[in-house]
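Remarks on the overall topology
Residue strings, one per chain:
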Amino acid sequence: MTRPAPRVVETLNAALHRLFEERPSLHLLGEDVLDPYGGAFKVTRGLSTRHPDRVFGTPISEAGITGVAGGLALAGDQAIVEMMFGDFAALAFDQVLNLISKSVTMYGDRVPMPVVVRCPVGGNRGYGPTHSQSLQKHFLGVPNLALYETSPFHDPYAQLAECLDRGPAMLFEDKVLYTRRMFREGVVDEHHGYALLGGPTGWAHVSPVDGTSADVVLVCPGGTAHRALDAARLLRARGLTTHVLVPARLYPPDLEPVLPLLAGARLVAVAEESTEGGTWGAEIAARVHTRIWAELRAPVLLLSSADSVVPTAPHLEAGVLLGAERIAEEIEAAAARSLPPRAPAAPHVAAAGPETVATRAGEPQTFEPEAAGPEAAGPESAGPVAGVPVAVPKLNNNDTAYLVLRWLADDGAHIGEGDPLVEVETSKAVEEIAAPAAGYLRVRAAEGTEAGVGELLAELLAEPPAAPSPGTSAPTAPERRVAAPVPAPSEEPGPAARTHVLDRSQQGTAAVVTRAHREVPAAFAAVEVTVDAVLARLRTLSEETGAEVGLPEAVVKAVAAAHPAFPHLFGTLLDERTVRLADTVDIGVTVDAGNGLYIPVLRDCAARSLADISDDLMDFRMKAFRAEFTAGELSGGSLSVSLNTEPGVLLVQPIVMWPQLCMVSVGGPLTRLVLTDGVPAPATVVTLGLAYDHRVVNGRDAVAFLRAVADALNDSEQLVKLIG
């Protein structure tokens, strides 16, 4: 099996070890960097053990640490400073500005200053206002000071070596990036690859594997790279091809390798997590405007976080920090403004105002309201009469494409404005799309196909089409849905009456649960399992790998391990006597960040390590905070696990999520007194539950399955295999 790519924290640690072996004069200074702690984020693990005379744990004095590093450099040595949090670099600003950077040229001859100040930065970890900032912009433009940022594309060894050789320098490390995997061998995902332009410390250029040229070039530092990639995927579904550029060195920037790409794009955007005003993005924009203003189709778009401190509460933090959805929305709007509108072949039918939609080819078209009569259309309207496009609307923040379930009118039928037109299925609900205007229906998207947001579903023609579109399907008798009248309440609510309106996410959850209750004859069983041993091993594994591995990951892995003995529990009921068995163990997990319940799917859990599963779960939690799941991430599971591991949760009875057959639940840790060699002793236990489709699974199988999962978490031999 192919070895997974290392995490960013692992590559940083390996780079430091290599540099210490190669450079006998190199020193490391910082708070809590000595083993066994190895730094707040474990970047320096093992260094003090191997080089005890060159790794110094220091008092809490950022100015003092940085001043000592400057003194070491002036004495001919090399030094790396670790700020426990990048926010604290503000306390060392005087030493960076007035000692380290100025010492390069202040003594007549140029003096080498091989000092690197490492700064963990960024939010999305719930650390609050003084531990979540991105301070890169405050160090821009200091003479002799170079700024770098880690990324999933660039080798930290090459960055740190260049930092020391050209020093002084600062290396910014996004904290969320630590647990992410590096990209390697030019592969990002099935749709995107990357190449390095300008050498190992140049630019990572991410582009579609099909070679499609850029509509948009999105420039971002390494900490924003994953959000930029997610935005590129969203924009791809909306018809805009996005290339992403990520530099290893932020300042001074070298734009030469990427100027041709920037000049050829319809829109250039810069996205970063810092708040606006005096930003790195503004510096990039100023240089791009100076160099290639004549080639630009629009000013460079600057995207930053909100003008606010970074809150601690996850839902508030997500509202402040720049996310993928906002990047995509602002780029989509700016791209539409940057291109001249294409004149429609015929006037729009009775609309309230201009409407911009995206065609399947992805080029925005603006349709103006119909003039007072045919004579007002002008000479350009002569020729075939075109239709009013019906594009896929954005129905939620989770999906970028929806399934076309059922056309509610025949192809060729006359439709009135506001009539029900088509049903589409999102990841959580079935939505009905109404006709935006009157006309004759020409279906463009067949039932059973997926259509991305902005793609063309149908047209409403002024004249009947010559023949139905090939390859489409529509009901012969369209169903007209009329809302049932709401009975009047017995008493009118007074002015003080309070109501709570369910959001779309909760309505979707309600629809799925209602269907499950209606269609699945579910039963339930539960067992109690002692978890002290597995929790102790997971703590050790977390320290060894840098991944935050806990009980949820272990339960998922234990459930996957039971697949060979209970394959029918992971299947799908095709008819009353046939179960389609799953080839791989893809397990859905419940994630609720306070803005809706999601069940994203962990892929191939049986073959992957706990640390890999932990990485995906961390990614899911971040996406839940920002409501940025795609439809693909929320579909395809063969069994689901309901995670309710908050302390004190005694028992959870889950819902079988059709078309699955089972859902496992895990409650919170509870303390019990158990007899060990006849002596009462406290033990930590959790309750494992299983809701199962009684048409396929009987109670004996359900209990046996739960016992197998419990044994994997408790039995010493199986525990070794589980954790690996």
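Residues numbered from 1 in each chain as written. Predicted model: local features only at pLDDT ≥ 70, side-chain atom pairs only at ≥ 80, totals over all residues. Heavy atoms only, no water.

For the protein chain, the count of helices and strands is 16 helices and 34 strands. Split into buried and exposed, the 724 residues of the protein chain put 53% on the buried side. For the protein chain, contacts bridging at least 24 residues in sequence account for 71% of all contacts bridging at least 6. When the accessible surface of the protein chain is split by element, carbon and sulfur atoms take 54% of a total near 31900 Å². (Helix = DSSP H or I, 4+ residues; strand = E, 2+ residues; numbered from the N terminus. Buried < 20%, exposed > 50% of the residue type's maximum accessible area, 1.4 Å probe, protein only. Contact = heavy atoms within 4.5 Å. Areas by Shrake-Rupley, 256 points an atom, 1.4 Å probe, with all protein chains shown as cover.)

Attention now moves to the packing of aromatic side chains. Enumeration according to the criterion identifies 10 aromatic pairs in this entry. In textbook terms, an aromatic cluster arises when at least three aromatic residues are bridged by ring pairs, as seen for Phe41, Phe85, Phe88, Tyr127 and Tyr178. Over the aromatic face of Tyr157 sits the side chain of Arg18, whose NZ or CZ is 3.6 Å from the ring centroid. If you follow Lys42 out to its NZ or CZ, it ends over the ring of Tyr37, 4.2 Å from the centre. (Phe/Tyr/Trp six-rings, centres within 6.5 Å; stacked < 30°, edge-to-face > 60°. Lys NZ or Arg CZ within 6 Å of the ring centre and 35° of its normal.)

Two orientations exist for strands paired in a sheet by backbone hydrogen bonds: parallel and antiparallel. With mixed pairing, 7 strands are arranged side by side in an open sheet as β2-β1-β3-β4-β6-β5-β11. Single-partner strands in this sheet number two, and they are β2 (55–57) and β11 (249–251). Between one strand axis and the next, the sheet turns through 20 degrees on average, direction left out of account. Sheet topology note: the strand β5 (residues 146–149)/strand β6 (residues 169–174) ladder contains 4 bridges and is parallel. Within β6, the position partnered with Tyr148 by the bridge is Leu171. Along the sheet, helix α5 (residues 156–166) contacts β1 (26–30), β3 (78–82), β4 (115–121), β5, β6 and β11; its crossing angle with β5, the most-contacted strand, is approximately 170 degrees. (Pairing = 2+ DSSP bridges. Axes fitted to C-alpha atoms, helices over the stretch in contact; angles between N-to-C directions.)

The next point concerns the nonpolar core. Ranked by size, the top nonpolar core spans 59 residues in total, and within it Val559, Phe705 and Leu713 carry the most contacts. Once residues lying within four places of it in the same chain are set aside, the contact partners of Phe705 are Val559, Ala562, Phe566, Leu569, Phe570, Leu639, Val664 and Leu690. Listed in part, the 47 residues of the second largest apolar core include Met113, Val115, Trp203 and Leu296. (Core = buried A, V, L, I, M, F, W, Y, C linked by side-chain atoms within 4.5 Å.)

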